[in-house]
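Chain residues, written in single-letter form:
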Amino acid sequence: MRCSSGQGFQRAVALPVRRFFARDASTKLFVGGLSYDTNEAALNDAFCQHGEIIEVKVICDRITGKSKGYGFVQFRMENEATNALQKMDGQLLDGRNIRVHYANKG
């Protein structure tokens, strides 16, 4: 895309910065790379040591009911989510190295 004025450039710079700050303030984490055998109880057990969990969800196929290999963990406090992200990203869970990121807002 060609930018003919400074206004387009400012918009392109402002959006990632705004998105960056919104992501930092999140209490919901995306957890990827899960074993297909990892269920919500196992995910909860792995993350509960980092703070109070509001919700744990492993995403499953609608037809087969099998895990798709990712899920979400939501903490009550932002600092708990941040601590869990820093401690759990790259850790081994049920034989797989998991990836932990802030969940997208939409």
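Residues numbered from 1 in each chain as written. Predicted model: local features only at pLDDT ≥ 70, side-chain atom pairs only at ≥ 80, totals over all residues. Heavy atoms only, no water.

## Brief notes about helix H3 (residues 78-88)
Here is step 1 of the chain: Among the residues of H3, those classed as buried are Glu80, Ala81, Ala84, Leu85 and Met88. Mapping the buried residues of H3 onto a view down its axis gives an arc of 135°, with all of them on the same face. Facing away from the buried side of H3 by more than 90 degrees, the exposed set consists of Asn79 and Gln86.
Here is step 2 of the chain: In this structure, the buried side of H3 is in contact with strand S1 (28-32), helix H2 (40-47), strand S3 (67-75) and strand S6 (99-102).
Here is step 3 of the chain: Looking at the residues trailing H3, positive phi occurs at Gly90, about 90°. (Buried < 20%, exposed > 50% of the residue type's maximum accessible area, 1.4 Å probe, protein only. Helix = DSSP H or I, 4+ residues; strand = E, 2+ residues; numbered from the N terminus. Arc of directions from axis to C-beta. Contact = heavy atoms within 4.5 Å.)

## Quick look at the environment of Gln86
Here is step 1 of the chain: By the secondary structure assignment, Gln86 is in helix H3.
Here is step 2 of the chain: Here Gln86 falls in the exposed class, since its relative accessible area comes to 59%.
Here is step 3 of the chain: On a C-alpha basis, the gap between Gln86 and Val100 in space is 8.3 Å, while along the polypeptide they are 14 residues apart.

## Overview of the side chain of His50
Here is step 1 of the chain: With respect to the helices and strands, His50 occurs in the loop between H2 and strand S2 (53-60).
Here is step 2 of the chain: Overall, His50 belongs to the buried group, its relative accessible area being 12%.
Here is step 3 of the chain: Polar side-chain contacts of His50 include one of 3.5 Å to the side chain of Gln49.
Here is step 4 of the chain: Sequence-distant contacts of His50, defined by excluding residues within four places in its chain, comprise Phe75, Glu80, Asn83, Ala84, Lys87 and Met88. (Polar contact = N/O pair within 3.5 Å; in protein donor to acceptor, adjacent residues only side chain to side chain.)

## A word on the pairing of S6
Here is step 1 of the chain: Here S6 shows one buried face, formed by Val100 and Tyr102, and one open face, formed by Arg99 and His101.
Here is step 2 of the chain: Alignment of S1 against S6, held across 4 bridges, turns out to be antiparallel. Directly across from Gly32, in S6, lies its bridge partner Arg99. (Pairing = 2+ DSSP bridges.)

## Remarks on the sheet that holds S2
Here is step 1 of the chain: Ordered by their spatial adjacency, 4 strands build an open sheet running S2-S3-S1-S6, and the pairing between neighbours is antiparallel. The outermost strands of the open sheet, each flanked by one partner alone, are S2 and S6. When strand polarity is set aside, the average angle formed by the axes of neighbouring strands in this sheet is 20°.
Here is step 2 of the chain: Along the sheet, H2 makes contact with S1, S2, S3 and S6, crossing S2 at roughly 140°.
Here is step 3 of the chain: Sheet contacts for H3: S1, S3 and S6; angle to S6, the most-contacted strand, approximately 150°. (Axes fitted to C-alpha atoms, helices over the stretch in contact; angles between N-to-C directions.)

## A look at the pattern of salt bridges
Between side chains of opposite charge, a pair can form as their charged atoms come close.
Here is step 1 of the chain: Taken as a whole, this structure holds 1 salt bridge when the rule is applied.
Here is step 2 of the chain: A salt bridge links Arg76 to Glu52, with the shortest nitrogen-to-oxygen separation between them at 3.1 Å. With Arg76 in the loop between S3 and H3 and Glu52 in the loop between H2 and S2, the pair connects residues that are 24 residues apart, well separated along the chain.
Here is step 3 of the chain: The class for Arg76 is partly exposed, based on a relative accessible area of 48%.
Here is step 4 of the chain: For Glu52, a relative accessible area of 42% translates into the label partly exposed. (Salt bridge = Lys/Arg side-chain N within 4 Å of Asp/Glu carboxyl O.)

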